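Structural features, examined
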Amino acid sequence: GEDSEMMSKSRGNVVAPDELVERYGADVVRAYLMFFARWDLGAPWNSSGIEGTVRWIRRIWTLMTETAKNTTEKAEAEGSDLRSLRRKVHQTLRQVTHDFETFEFNTIISALMELLNEMYKVREQGAVGTPEWAEAQDIYLRMLAPVAPHIAEEVWTEFLGKPYSVHTQPWPVVDEAAAKEDEITLIVQVNGKVRDRIQVSASIGEGEAKNAALASEAVQKYLQGKEPRKVILVPGRLVNIVV
């Protein structure tokens, strides 16, 4: 039947985690178990993907310990880069909080992997030494603690010199203002005359911006169901619709 690949004692196909723990450490095996399948569905055991988890944990270790020791890195990041770091931190926190509450562990790991990539990126831009960087490290380790308890603790107390223990810290609170996507106001013109102003995400693409402008009630009134002849976008500023 379909369940023939599931581990069961009677079939003698049970894999003891001890060898994997000995090879990779308990944190990696624990994180991999969370990551490789949805816990409520289960899946046939397969350790072939564990290297990805190993790499991720190593990259956390490298980033956290290097930046903790290296006080010579100059904080030169732009305000906008630091704002986008905070946005990513708090968006991740919001997702991870939700996923822990609903036991969706596999998506927690992928969210933490993504945030780590972002942290590596802003490190290059000179974020180390800023309050935003310190906050990112702090929140990252609190989110990591249930996933990789030993590593989170060691970085927290040994490298960052924070009070023992990371496991007794309160769960961080999402800063909703920080998590919100930046918005901009686009001016909407019809035949060169301003007819509307619309709020859109700062990262909006060209097609989406044009569609948002065409959907404006003021524009609809002037179009009267006709197709516009031309839609011209000045990115981040305005959309001019030629009727």
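Below is a summary of the structure that appears in this document. (Residues numbered from 1 in each chain as written. Predicted model: local features only at pLDDT ≥ 70, side-chain atom pairs only at ≥ 80, totals over all residues. Heavy atoms only, no water.)

The next subject is the overall build of the protein chain. Counting its regular elements, the protein chain contains 10 helices and four strands. Whereas a compact globule of 243 residues would reach a radius of gyration of roughly 18 Å, the protein chain reaches 24 Å, over 25% beyond that. If one aligns the C-alpha atoms of the protein chain with their principal axes, the spans along those axes are about 75 × 60 × 30 Å. The buried share of the protein chain, taken over its 243 residues, is 38%. If you take every contact in the protein chain between residues at least 6 apart in sequence, the share linking residues at least 24 apart comes to 60%. Working note: accessible area of the protein chain is about 14,000 Å², and carbon and sulfur atoms make up 50% of it. With 29 positive and 36 negative side-chain charges, the protein chain shows a separation of 10 Å between the mean positions of the two kinds. (Helix = DSSP H or I, 4+ residues; strand = E, 2+ residues; numbered from the N terminus. Rg over C-alpha atoms; globule rule 2.2 N^0.38 Å. Buried < 20%, exposed > 50% of the residue type's maximum accessible area, 1.4 Å probe, protein only. Contact = heavy atoms within 4.5 Å. Areas by Shrake-Rupley, 256 points an atom, 1.4 Å probe, with all protein chains shown as cover. Lys, Arg positive; Asp, Glu negative; His and termini not counted. Charge placed at Lys NZ, Arg CZ, Asp CG, Glu CD.)

Turning next to the nonpolar core. One finds Trp56, Leu112, Met119, Trp133, Tyr140, Leu144 and Val147 to be the most contacted residues of the largest nonpolar core, which totals 48 residues. With 10 residues, the single largest contributor to this core is helix 5 (residues 105-124). Those residues in contact with methionine 119 that lie beyond four places of it in its chain are Leu63, Met64, Leu85, Trp133, Ala136, Gln137 and Tyr140. Counting residues in hydrophobic clusters, the runner-up holds 12 residues, among them Leu186, Val200, Leu223 and Val239. (Core = buried A, V, L, I, M, F, W, Y, C linked by side-chain atoms within 4.5 Å.)

So, about the environment of valine 96. Relative to the assigned elements, valine 96 resides in helix 4 (residues 79-101). On the accessibility criterion, valine 96 (0% relative accessible area) is buried. Here the alpha-carbon distance between valine 96 and isoleucine 241, two residues 145 residues apart in the chain, equals 42 Å. Residues within four places of valine 96 in sequence aside, it is in contact with Ile108, Ala111, Leu112, Met143 and Trp171.

To continue, consider helix 5. In this model, helix 5 (20 residues) spans 30 Å end to end at C-alpha, consistent with the 28 Å of a helix rising 1.5 Å per residue. Two residues or fewer past helix 5, glycine 126 is found with a positive phi of approximately 90 degrees. (Expected span 1.5 Å × (residues − 1).)

Another aspect to go through is the side chain of glutamate 118. You can see glutamate 118 is positioned in helix 5. Leaving out residues up to four positions away in the same chain, glutamate 118 has contacts with Ser84, Leu85 and Lys88.

The next point concerns the packing of aromatic side chains. In this structure the tally under the stated criterion is four aromatic pairs. Residues tryptophan 61 and phenylalanine 159 carry aromatic rings whose centres are separated by 5.3 Å and whose planes lie at 80 degrees to one another, so their mutual orientation is edge-to-face. Of this pair, tryptophan 61 sits in helix 3 (residues 50-69) while phenylalanine 159 sits in helix 7 (residues 149-159), and the two are 98 residues apart along the sequence. Judged by its relative accessible area of 30%, tryptophan 61 is partly exposed. By relative accessible area, phenylalanine 159 is classed as partly exposed at 27%. Grouping aromatic residues by their ring pairs yields a cluster made of Phe100, Phe103, Phe105 and Trp171. Positioned over the ring face of tyrosine 120 is arginine 59, at 4.3 Å from the centre of the ring. (Phe/Tyr/Trp six-rings, centres within 6.5 Å; stacked < 30°, edge-to-face > 60°. Lys NZ or Arg CZ within 6 Å of the ring centre and 35° of its normal.)

Pairing between side chains of opposite charge can happen when the charged atoms of each approach one another. The tally for this structure, following the rule as stated, stands at nine salt bridges. A salt bridge links lysine 210 to glutamate 206; the nearest nitrogen and oxygen atoms lie 3.1 Å apart. One end of the pair, lysine 210, and the other, glutamate 206, are both in helix 9 (residues 206-215), four residues apart, so they sit about a helical turn from each other. Three or more residues joined by partner-sharing salt bridges are found here, namely Arg86, Glu135 and Asp175. (Salt bridge = Lys/Arg side-chain N within 4 Å of Asp/Glu carboxyl O.)

Ordered in space as 2-1-4-3, the four strands form an open sheet in which the pairing is mixed. Every interior strand has two partners, whereas the edge strands, strand 2 (193-201) and strand 3 (230-234), have only one. The mean angle between the axes of side-by-side strands here comes to 20 degrees, regardless of whether they run parallel or antiparallel. The sheet contact formed by strand 1 (residues 183-190) and strand 4 (residues 238-242) spans four bridges and is parallel. Note on strand 4: the bridge partner recorded for isoleucine 187 is leucine 238. Contacts from helix 9 reach strand 1, strand 2, strand 3 and strand 4 within the one sheet, and its direction differs from that of strand 3 by about 120 degrees. (Pairing = 2+ DSSP bridges. Axes fitted to C-alpha atoms, helices over the stretch in contact; angles between N-to-C directions.)

Treat this as a map of the structure, not an account of what it does.
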